[in-house]
Amino acid sequence: MSPDIHTSTGAYAADALPPAEREEVEQHLADCPACAQEVIELRAALTRMADAAAEPPPPALRARVLADVRRTRQLPPVLGPGDSRGRSRWWWAGTPLQIAAAALLIAVVSLGVLLVQRQHQLDEQRQLVAEITSVLNDPGRAVTTADLASGGRGTVVESHGQAVFLASDLPSVASARTYQLWVMSPGHARSAGLLGRGKSAQVLVPAVGPGDSVGVTVEPAGGSPQPTTAPLVTIPVGS
Amino acid sequence: MAADVRPLRRRSRHDAVIASEPDNTLEAVVRRVAHGDESAFERLYDDVSGAVFGLIRRVLRDPAQAEEVTQEVFVEVWRTATRFDARKGSARTWILTMAHRRAVDRVRSAQATHDREDTVAAREQVRVFDEVAEEVELRLEQQQVHHCLGTLTELQRESVTLAFYGGYTYPEVATLLGAPLGTVKTRMRDGLIRLRDCLGVTR
Ligand SMILES: [Zn+2]
């Protein structure tokens, strides 16, 4: 740590630190209330500089932003005894992908908490959560997101030949129908399970390879051995 | 294999504080946005989109890219409104901090590609520096900010404006100004402290 770390607040607040120093300062801010307070104040001053640069955005942008927002799920709040340190670092330091990964992780952990009633289910769920978590936490993971034609959004996270499929904001389907997940390769599709009836879903998809895609179709309740309708979305794995 | 997950919505520990806030502060608007209120979000957009877009355009210069990044920032504001923490500064600062960070991230990821290609980058930077300086002169009509920037020493002012409006790191600023690294870093802080005191802002 450089001896003059307390003097880095200005460059930090203005996003002018190279990445390594930025991290060093972020760690320091967690332990130095004086610097943390100074950063808040300097950012308030920079906000005035930002205001001084204001210019009207193109009018069409408003509708695009609102349309985007309408189909975007909000992150769950951070639960538990407030660790203000960790909290501040989420939105000051987190890249979008880190934030997304954190959201996924929280979703997965709630999955482990919410679902299980019986012990053997618990063990199974723990195993599943561990596998899903290891995919989501792999720094080398590949993330691809696409919208479903009927609404909602699907994300495929791939790591070392395993994938996790995450769906959000799924419109409900008629009670005689179900969403079904497929691993698709040219001329071939194998079922990867049903998505349940909720608006969101997380499914572990083992054994995926290069060239595979993950697809979603609507099938008769109970599922089909092969897709009987056109996919609402196909997301290439690991691209 | 599949399962529903519905994260629990909890009332914030700060509800008591919120209740006493006048409803029209941007902080209160962000809390309504955190509850999924789209009309509150429209209001937030109308309130800060000029500053968000203007700041990003100032850093990136290219209007098409600035539009793209502005859109990303607002979607991010929507997604993360649930995590806004008023103890860390005002809602406006929260949003504009996000906007600035996104803009410089865009500059730096583009730059990383360029730097590998060519050493023309250095000459290019000097040209951009002139434009930034010129534009700052021209466009800081906002009287108070303009006045307060005028109270900074030249090195402080150039360090602050090149970093914030130009999107440069302090080593880049030091190169542009031909000043030692440590000096530029401390001038940035001194300049911002002076600006803060002149503007009378505390958070
Ligand atoms: Zn300190």
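For the structure, see preceding data.
Residues numbered from 1 in each chain as written. Chains lettered and ligands numbered in written order. Predicted model: local features only at pLDDT ≥ 70, side-chain atom pairs only at ≥ 80, totals over all residues. Heavy atoms only, no water.

### Re the pattern of salt bridges
The full count for this structure, using the stated rule, is 24 salt bridges over all chains. A salt bridge links Arg64 of chain A to Glu67 of chain B; its shortest N-O distance comes to 2.5 Å. With Arg64 of chain A in helix 4 (residues 59–70) and Glu67 of chain B in helix 4 (residues 63–80), the pair connects residues from two separate chains. Judged by its relative accessible area of 36%, Arg64 of chain A is partly exposed. Across the salt bridge formed by Arg71 of chain A and Asp147 of chain A, the nearest N and O atoms sit 3.6 Å from each other. Remark: Asp147 of chain A occurs in strand 1 (residues 142–147) and Arg71 of chain A occurs in the loop between helix 4 and helix 5 (84–93); sequence separation between them is 76 residues. Exposure remark for Asp147 of chain A: the relative accessible area of 35% places this residue in the partly exposed category. (Salt bridge = Lys/Arg side-chain N within 4 Å of Asp/Glu carboxyl O. Helix = DSSP H or I, 4+ residues; strand = E, 2+ residues; numbered from the N terminus. Buried < 20%, exposed > 50% of the residue type's maximum accessible area, 1.4 Å probe, protein only.)

### Considerations on the pairing of strand 5 (residues 188–194) of chain A
Residue and element names in this part refer to chain A. Sheet topology note: the strand 4 (residues 177–185)/strand 5 ladder contains 6 bridges and is antiparallel. If you follow Val183 over to strand 5, its bridge partner there is Arg190. From the end of strand 4 to the start of strand 5, which pair antiparallel, there are 2 residues, and Gly187 there has a positive phi angle of about 75°. (Pairing = 2+ DSSP bridges.)

### As for the coordination of the zinc ion
All names here are of chain A. Distances from the zinc ion to its protein donors, His6 (ND1), His28 (NE2), Cys32 (SG) and Cys35 (SG), fall within 2.1 to 2.3 Å. For the zinc ion, all donor residues lie on one chain, and their spacing in sequence is H-x21-H-x3-C-x2-C. With His6 in the segment before helix 1 (9–13) and Cys32 in the loop between helix 2 (19–31) and helix 3 (33–52), the pair connects residues that are 26 residues apart, well separated along the chain. (Donors = N, O, S within 2.8 Å, 3.2 Å for Na, K, Ca; no water.)

### Some points on helix 9 (residues 170–177) of chain B
Turning to helix 9 of chain B, its buried residues number three or more, namely Tyr170, Glu172, Val173, Ala174 and Leu176 of chain B. Directly after helix 9 of chain B, the chain includes Gly178 of chain B, whose backbone phi takes a positive value near 60°.

### Here's the deal with the sheet that holds strand 1 of chain A
All names here are of chain A. Taken in spatial order, the 4 strands of this open sheet run 1-2-3-6, and their pairing is antiparallel. Taken across any chain shown, the strands that pair with only one partner, and hence form the sheet edges, are strand 1 and strand 6 (201–205). The sheet shows a mean angle of 15° between the axes of neighbouring strands, direction not considered. Sheet topology note: the strand 1/strand 2 (residues 153–159) ladder contains 6 bridges and is antiparallel. Following the sheet pairing, Ala142 is matched in strand 2 by Glu158. (Axes fitted to C-alpha atoms, helices over the stretch in contact; angles between N-to-C directions.)

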